[in-house]
Amino acid sequence: MSRHGDISSSEDTVGVCVFQYPMPRLHTNEDVMKNAEKICDIVKGVKLEPEYSTMGIMYDRQEMFDTACVVPGPLTDMFGKACKEANCWGVFSLTGEQHEDHPNKNPYNTLVLINNEGEIVQKYRKLLPWTPIEGWTPGNLGTSVVEGPKGMKISMIICDDGNYPEIWRDCAMRGAELVIRPQGYMYPAKEQQVLVSKTMAWCNQVYVAVANASGFDGVYTYFGHSAVIGMDGRTLGECGTEDNGIQYAQLSLSGIRDARANDQSQNQLFKLLHRGYTGTFANGDGNKGEAECPFPFYHMWVKNPLEAQRMSEQVTRSTIGVKCCPVPGIPPPEEETNDIEELTHELNLE
């Protein structure tokens, strides 16, 4: 069984540690390398660092390009050496990784998973940057699953990715048993972000490890609450708002595999693709239930992405800019319509 409170692990469990690193404020490559040395010094056990922990947020655009790194490169070499010396696996944030067309295009927001031999075994680029603020190029590698310590299957996502149920389900359906979510989340979204990781663990029968930043970087205050969450959505261990907080839990390999194989009424991964099997079997229509996707939006998204985008715009808006709250770097709406006046007229409130 998975458990919390001890600092060891058995053959059946993978020990996972989340480290709540205070958000750094850096400006140069020299700053970044010095900060990376600090991170290497604290690598003990299976280590998960928050988003932006290596480089901080480069609020200056030129500094963002100047400090963008390559993978593999000097930073990942440092992290690899630390993991090998500590005989542990580690997850490290690189904000950013140089675009293939650097410096003509914005960098990627990237994670690397490094094994205890110092090798990069997984690289993930953030699929859903936190627009309108983050200017990262959207990731182009998709999700992936790799075999981690003791054979546990691992996927990685980053921060705002976790607000989209689709990414969790994609990781889980591809076999992930542990979804790692480094984040640099700030107030006021604390309650929502704590809840969404717990909810997605429950909905996807997956362990979740969240490492969030803490502190104040001169612009944002980061709420911490890094956590290790069980596959039933219950928190095994959670930090408060403190800097350098640590939580550790043992995640059972047999526990999650037994649950996925034998749970019934709450086995979402099985039931989604065997929809209504009790009824279809009783009807004499086979013992597998319904496998076809019943959701028109997802059919449309796969077959005609632009039409799916228009569906989204019909229930939201058609421009990336918003007149009432302009954001630097985002163009204002080209054609303005007074939605309030239209709604007032429609409801006959004049």
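So, a few notes on the structure that sits alongside this text. (Residues numbered from 1 in each chain as written. Predicted model: local features only at pLDDT ≥ 70, side-chain atom pairs only at ≥ 80, totals over all residues. Heavy atoms only, no water.)

Here we look at the overall build of the protein
Moving on, step 1. Broken down by element type, the protein carries 11 helices and 15 strands.
Moving on, step 2. By the compact-globule yardstick of 20 Å for 350 residues, the protein fits well, its C-alpha radius of gyration being 22 Å.
Moving on, step 3. Put simply, 66% of the contacts in the protein that link residues at least 6 apart link residues at least 24 apart.
Moving on, step 4. Of the roughly 18,100 Å² of accessible surface on the protein, a fraction of 54% belongs to carbon and sulfur atoms. (Helix = DSSP H or I, 4+ residues; strand = E, 2+ residues; numbered from the N terminus. Rg over C-alpha atoms; globule rule 2.2 N^0.38 Å. Contact = heavy atoms within 4.5 Å. Areas by Shrake-Rupley, 256 points an atom, 1.4 Å probe, with all protein chains shown as cover.)

Considering the sheet that holds strand β8 (residues 153–156)
Moving on, step 1. Strand order in the open sheet made by the 6 strands is β7-β8-β9-β10-β13-β14, with mixed pairing throughout. With one partner strand each, in any of the chains shown, β7 (146–147) and β14 (235–238) form the two edges of the open sheet.
Moving on, step 2. When β8 meets strand β9 (residues 178–183), the two strands line up parallel, connected through 3 bridges. Bridged to Met156 within β9 is Ile180.
Moving on, step 3. Together, β9, β10 (207–212), β13 (227–229) and β14 form the strand contacts of helix α5 (residues 190–204), whose direction differs from that of β9 by roughly 170°. (Pairing = 2+ DSSP bridges. Axes fitted to C-alpha atoms, helices over the stretch in contact; angles between N-to-C directions.)

Let's talk about the environment of His225
Moving on, step 1. Following the sequence through the fold, His225 ends up in the loop between β12 (221–223) and β13.
Moving on, step 2. Sequence-wise, His225 and Ser252 are 27 residues apart; in three dimensions their C-alpha atoms are separated by 23 Å.
Moving on, step 3. Beyond its immediate sequence surroundings of up to four residues, His225 is in contact with Gln20, Lys190, Val194, Glu238, Cys239, Gly240 and Thr241.

A short note on the pattern of salt bridges
Moving on, step 1. Under the defined criterion, the tally for this structure stands at 10 salt bridges.
Moving on, step 2. A salt bridge links Lys190 to Glu191, with the shortest nitrogen-to-oxygen separation between them at 2.8 Å.
Moving on, step 3. Linked through salt bridges whose partners overlap, the residues forming this network are Glu97, Glu100, Lys123 and Arg125. (Salt bridge = Lys/Arg side-chain N within 4 Å of Asp/Glu carboxyl O.)

Section: a nonpolar patch on the surface
Moving on, step 1. On the surface, Met173, Leu272, Leu273, Phe295, Phe297, Tyr298 and Trp301 cluster together into a nonpolar patch covering about 600 Å² of accessible area.
Moving on, step 2. For the nonpolar patch, the element with the highest residue contribution is helix α9 (residues 296–303), accounting for 3 residues.
Moving on, step 3. Within the secondary structure, Phe297 is located in helix α9.
Moving on, step 4. The partly exposed category is assigned to Phe297, whose relative accessible area is 30%. (Patch = residues over 30% accessible without salt bridge, like charges linked within 9 Å, V, L, I, M, F, W, Y side chains within 5 Å. Buried < 20%, exposed > 50% of the residue type's maximum accessible area, 1.4 Å probe, protein only.)

Topic: the packing of aromatic side chains
Moving on, step 1. A complete count under the given rule lists 13 aromatic pairs for this structure.
Moving on, step 2. Following the ring pairs from residue to residue traces out a cluster consisting of Trp130, Tyr185, Tyr187, Tyr220, Tyr222 and Phe223.
Moving on, step 3. Above the face of the Tyr108 ring, Arg125 is positioned so that its terminal group lies 3.9 Å from the ring centre. (Phe/Tyr/Trp six-rings, centres within 6.5 Å; stacked < 30°, edge-to-face > 60°. Lys NZ or Arg CZ within 6 Å of the ring centre and 35° of its normal.)

Notes on the nonpolar core
Moving on, step 1. Counting residues in each nonpolar core, the largest one holds 76 residues, and the members touching the most others are Leu75, Phe79, Phe92, Met152, Leu178 and Leu251.
Moving on, step 2. The residues touching Leu75, leaving out its near neighbours within four places in the chain, are Val32, Met33, Ala36, Thr54, Met55, Cys69 and Leu94. (Core = buried A, V, L, I, M, F, W, Y, C linked by side-chain atoms within 4.5 Å.)

Thoughts on the pairing of strand β2 (residues 13–20)
A regular strand places its side chains on the two faces of the sheet in alternate fashion.
Moving on, step 1. β2 sits mainly inside the fold: 8 of its 8 residues count as buried.
Moving on, step 2. Burial along β2 is two-sided: Thr13, Gly15, Cys17 and Phe19 facing one way and Val14, Val16, Val18 and Gln20 facing the other are all buried.
Moving on, step 3. Relative to strand β15 (residues 245–252), β2 runs antiparallel, the two being bridged by 8 bridges. Bridge pairing in β15 places Val18 opposite Gln247.

Points about the pairing of strand β6 (residues 120–125)
Moving on, step 1. Taken together, the 5 bridges between strand β5 (residues 108–114) and β6 define a ladder with antiparallel strand orientation. Within β6, the position partnered with Leu111 by the bridge is Tyr124.

A closer look at the packing of helix α1 (residues 29–41) against helix α3 (residues 74–86)
Moving on, step 1. Relative to each other, α1 and α3 sit at 15°, their axes nearing to 10 Å. Classified by the angle their axes make, α1 and α3 are roughly parallel. In terms of crossing hand, the pair formed by α1 and α3 is right-handed. In this structure, α1 uses Val32, Met33, Ala36, Glu37, Ile39 and Cys40 to contact α3, whose residues at the interface are Pro74, Leu75, Met78, Phe79 and Ala82. (Parallel < 35°, antiparallel > 145°, perpendicular 65-115°, else oblique. Left-handed = near helix turned anticlockwise from the far one by under 90°.)

Examining the side chain of Ser252
Moving on, step 1. By the element assignment, Ser252 lies in strand β15.
Moving on, step 2. Within polar-contact distance, the side chain of Ser252 engages the side chain of Asp12 at 2.7 Å.
Moving on, step 3. Among all residues touching Ser252, those that are not within four sequence positions of it are Met1, Ser2, Asp12, Thr13 and Tyr207. (Polar contact = N/O pair within 3.5 Å; in protein donor to acceptor, adjacent residues only side chain to side chain.)

A look at the packing of α9 against helix α10 (residues 305–315)
Moving on, step 1. One can describe the packing of α9 onto α10 by two numbers: an axis separation of 5 Å at closest approach and a directional angle of 135°. On the basis of their axis angle, the class for α9 and α10 is oblique. Each of Phe297, Met300, Trp301, Val302 and Lys303 in α9 lies in contact with α10, whose residues at this interface are Pro305, Glu307, Ala308 and Met311.
Moving on, step 2. Along the lines of polarity and charge, the residues of the contact of α9 with α10 split into 7 nonpolar, no polar and 2 charged. (Nonpolar A, V, L, I, M, F, W, Y, C, P; charged D, E, K, R; others polar.)

Structural notes on unusual backbone geometry
The phi angle of most residues is negative, glycine excepted, and most peptide bonds adopt the trans form.
Moving on, step 1. Residue Gly96 is bonded to the preceding Thr95 through a cis peptide linkage, with omega at 15°.
Moving on, step 2. Along the chain, Gly96 turns up in strand β4 (residues 90–97).
Moving on, step 3. Phi is positive for Tyr52, close to 70°, though the residue is something other than glycine.
Moving on, step 4. Position of Tyr52 among the secondary structure elements: in the loop between β3 (47–48) and α2 (61–67).
Moving on, step 5. The backbone of Cys159 shows a phi angle near 45°, a positive value even though the residue is not glycine.
Moving on, step 6. Along the polypeptide, Cys159 turns up in the loop between β8 and α4 (165–173).

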